[in-house]
Amino acid sequence: MSILIDLQDRNWMKDSDLKQLISSDLPGIPIYCGEPNKKLPSIVMAIVIKNLDQNTLRKLPNLRLIQKVGAGVENMISNCNLPKHIKVCRMSSEIQAKEMAEYCLAEVLAYQRNIREYFNNQSLKIWKQRQPSIVKEKSVSILGLGLIGMEIAQTLKNFGFTVFGWSKTAKAQSNFTNYTGIDGLITVVSNADYVISVLPETQETKDLLSLNILRKFKPGSVLINVGRGSVINEEDLLHVLSEGILSGATLDVFQQEPLPNEHPFWTHPKIVITPHVSGWNVEDAIETIPLNYYKLIKNEPLLFEIDQKRGY
Ligand code: NDP
């Protein structure tokens, strides 16, 4: 019973490097790398970043588990040709959650202190002072309170911001106020100076932030998206930026990645773009791979298995 690694993302990690990382915990288990060029009936687990296309799936007749390296699994869940008996698992990395919290704090502070304006003014030799915003007078709403959202919320709370949270199910144990449902969403977006989305892509979250909700944002607020691009209706975002409802947006994720050359976001004066880098390192979560392999073989409950109906 063997394993296939088919990451198709050499920029992040080569298949052979991941093989080296996990081999010592999987002694004697054959690990194949790259897209298979023939049927491989021994493969029971495939490790991927993006997805497995139909052609590859056909070559893995005994596949039982797709293990995503990372957190977002929308490509696998929306693949309606995925046979029901194939399970999907993701990773959950504390290192990555901390990185994403750092990114969000850095962005919020850049707005608080007008850093980008000074950067632009320097190139024009403009000496113009602006009063900084006061942290304790500002509030931040976090959409999505999983491992990452909770880390972001806690980091901003510790820094002195008022924090609100929004999730699908109510959170009993948190030291900030959190909400659920559409009414709750409207409450958190209309009360926040910064709204940070770290929602997964599901049927329910696609286009969630479209005109009717974006127009409920607090005037002059800022939207930061580190979850998934499909959560925001990109055309509607441009509308509310031009209407002045939002004063800015920082986007790490997009409906289409890489962001196409001709996309209006690239040159928009109120949009900051980063190329899906807010969370990068997941080395603390790599052990999920060997652990899940042995759990699969022993028919034990898997770590971080996706509820395919819920979509995350
Ligand atoms: P989790 O699955 O742990 O958390 C998801 C959160 O979203 C939960 O709090 C969940 O609510 C909430 N949620 C899901 N659907 C809804 C809904 N319909 N309404 C309200 N809340 C909802 O995920 P993680 O925190 O680990 O990761 C979140 C996402 O971040 C990933 O799915 C991925 O897309 C993205 N990501 C981006 C990275 C980047 O570099 N930009 C890196 C890593 C992840 P509940 O708690 O009630 O279940």
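Analysis parameters
Residues numbered from 1 in each chain as written. Predicted model: local features only at pLDDT ≥ 70, side-chain atom pairs only at ≥ 80, totals over all residues. Heavy atoms only, no water. Buried < 20%, exposed > 50% of the residue type's maximum accessible area, 1.4 Å probe, protein only. Helix = DSSP H or I, 4+ residues; strand = E, 2+ residues; numbered from the N terminus. Pairing = 2+ DSSP bridges. Arc of directions from axis to C-beta. Salt bridge = Lys/Arg side-chain N within 4 Å of Asp/Glu carboxyl O. Core = buried A, V, L, I, M, F, W, Y, C linked by side-chain atoms within 4.5 Å. Contact = heavy atoms within 4.5 Å. Domains from an automatic or database assignment. Buried area = accessible area lost by both parts, 1.4 Å probe. Near = heavy atom within 4 Å. Polar contact = N/O pair within 3.5 Å; in protein donor to acceptor, adjacent residues only side chain to side chain. Areas by Shrake-Rupley, 256 points an atom, 1.4 Å probe, with all protein chains shown as cover. Nonpolar A, V, L, I, M, F, W, Y, C, P; charged D, E, K, R; others polar.

**Thoughts on the pairing of strand 10 (residues 221–225)**
(1) Moving on: With five of five residues buried, strand 10 lies mostly within the body of the structure.
(2) Moving on: Here strand 10 shows no split at all, with Ser-221, Leu-223 and Asn-225 on one side and Val-222 and Ile-224 on the other all buried.
(3) Moving on: In the sheet, strand 9 (residues 194–197) pairs with strand 10 via four bridges, with the strands oriented parallel. Paired with Ser-197 across the bridge in strand 10 is Asn-225.

**Looking at unusual backbone geometry**
(1) Moving on: Glu-257 connects to Pro-258 through a cis peptide bond whose omega is -5°.
(2) Moving on: Counting through the fold element by element, Pro-258 comes out in the loop between strand 11 (246–251) and strand 12 (271–273).
(3) Moving on: Look at Asn-114: it is not a glycine, yet its phi comes out positive at around 55°.
(4) Moving on: Here Asn-114 shows up in the loop between helix 4 (94–112) and helix 5 (115–123).
(5) Moving on: When its relative accessible area of 11% is taken as the criterion, Asn-114 is described as buried.

**Here's the deal with helix 7 (residues 181–190)**
(1) Moving on: Considered for burial, the residues of helix 7 that qualify are Gly-184, Leu-185, Val-188 and Val-189. The arc enclosing the buried residues of helix 7, seen along the axis, measures out at 125°, which places them on a common side.

**Considerations on the pattern of salt bridges**
(1) Moving on: Scanning all chains against the criterion turns up 13 salt bridges.
(2) Moving on: Residues Lys-98 and Glu-151 are paired through a salt bridge, measuring 3.3 Å at the closest nitrogen-oxygen approach. Remark: Glu-151 occurs in helix 6 (residues 147–159) and Lys-98 occurs in helix 4; sequence separation between them is 53 residues.
(3) Moving on: Classification of Glu-151 as partly exposed rests on a relative accessible area of 23%.
(4) Moving on: Across the pair Lys-168 and Glu-204 runs a salt bridge whose closest N-O atoms are separated by 2.6 Å. Note that Lys-168 is positioned in the loop between strand 7 (162–166) and strand 8 (177–179) and Glu-204 in the loop between strand 9 and helix 8 (211–214), a separation of 36 residues in sequence.
(5) Moving on: In this structure Lys-168 comes out as partly exposed when scored by relative accessible area, which is 46%.
(6) Moving on: When salt bridges that share partners are traced, they join Glu-117, Lys-128 and Arg-130 into one network.

**Focus: the pairing of strand 9**
(1) Moving on: Covered by surrounding structure in strand 9 are Tyr-194 and Ile-196 together with Val-195 and Ser-197, the residues of both alternating faces.
(2) Moving on: Direction of pairing for strand 6 (residues 139–143) relative to strand 9: parallel, over a ladder of four bridges. Looking at the pairing, Leu-143 lines up with Ser-197 of strand 9.

**Things to note about the nonpolar core**
(1) Moving on: Counting 28 residues, the largest nonpolar core has Leu-143, Leu-185, Leu-209, Phe-217, Leu-223, Leu-237 and Leu-251 as its most contacted members.
(2) Moving on: Those elements giving two or more residues to this core turn out to be strand 7, helix 7, helix 8, helix 9 (234–243) and strand 11.
(3) Moving on: The contact partners of Phe-217, leaving out residues within four places of it in the chain, are Val-189, Ser-190, Val-195, Leu-209, Leu-223, Ile-245 and Leu-246.
(4) Moving on: Core analysis: the next-biggest nonpolar cluster, separate from the first, contains 26 residues, Tyr-103, Tyr-111, Val-140 and Ile-224 among them.

**Re the domain arrangement of the chain**
(1) Moving on: On domain assignment, one finds that the chain holds domain 1 (2–93 + 282–297) and domain 2 (94–273).
(2) Moving on: Each of domain 1 and domain 2 has a C-alpha centre, and the two are 32 Å apart.
(3) Moving on: Counting residues at the interface gives eight residues for domain 1, matched by seven residues for domain 2.
(4) Moving on: Between domain 1 and domain 2 lies a buried interface of about 710 Å² when both sides are counted; carbon and sulfur atoms form 47% of it.

**Looking at the site of the ligand**
(1) Moving on: Within the structure, the ligand sits among 30 residues, and Leu-145, Lys-168, Thr-169, Lys-171 and Tyr-312 are positioned closest to it.
(2) Moving on: Here an oxygen atom of the ligand and a side-chain polar atom of Lys-171 are 2.7 Å apart.
(3) Moving on: If the ligand stood free it would expose 940 Å²; the protein chains cover 92% of that surface.
(4) Moving on: By residue class, the composition of the shell around the ligand is twelve nonpolar, eleven polar and seven charged.

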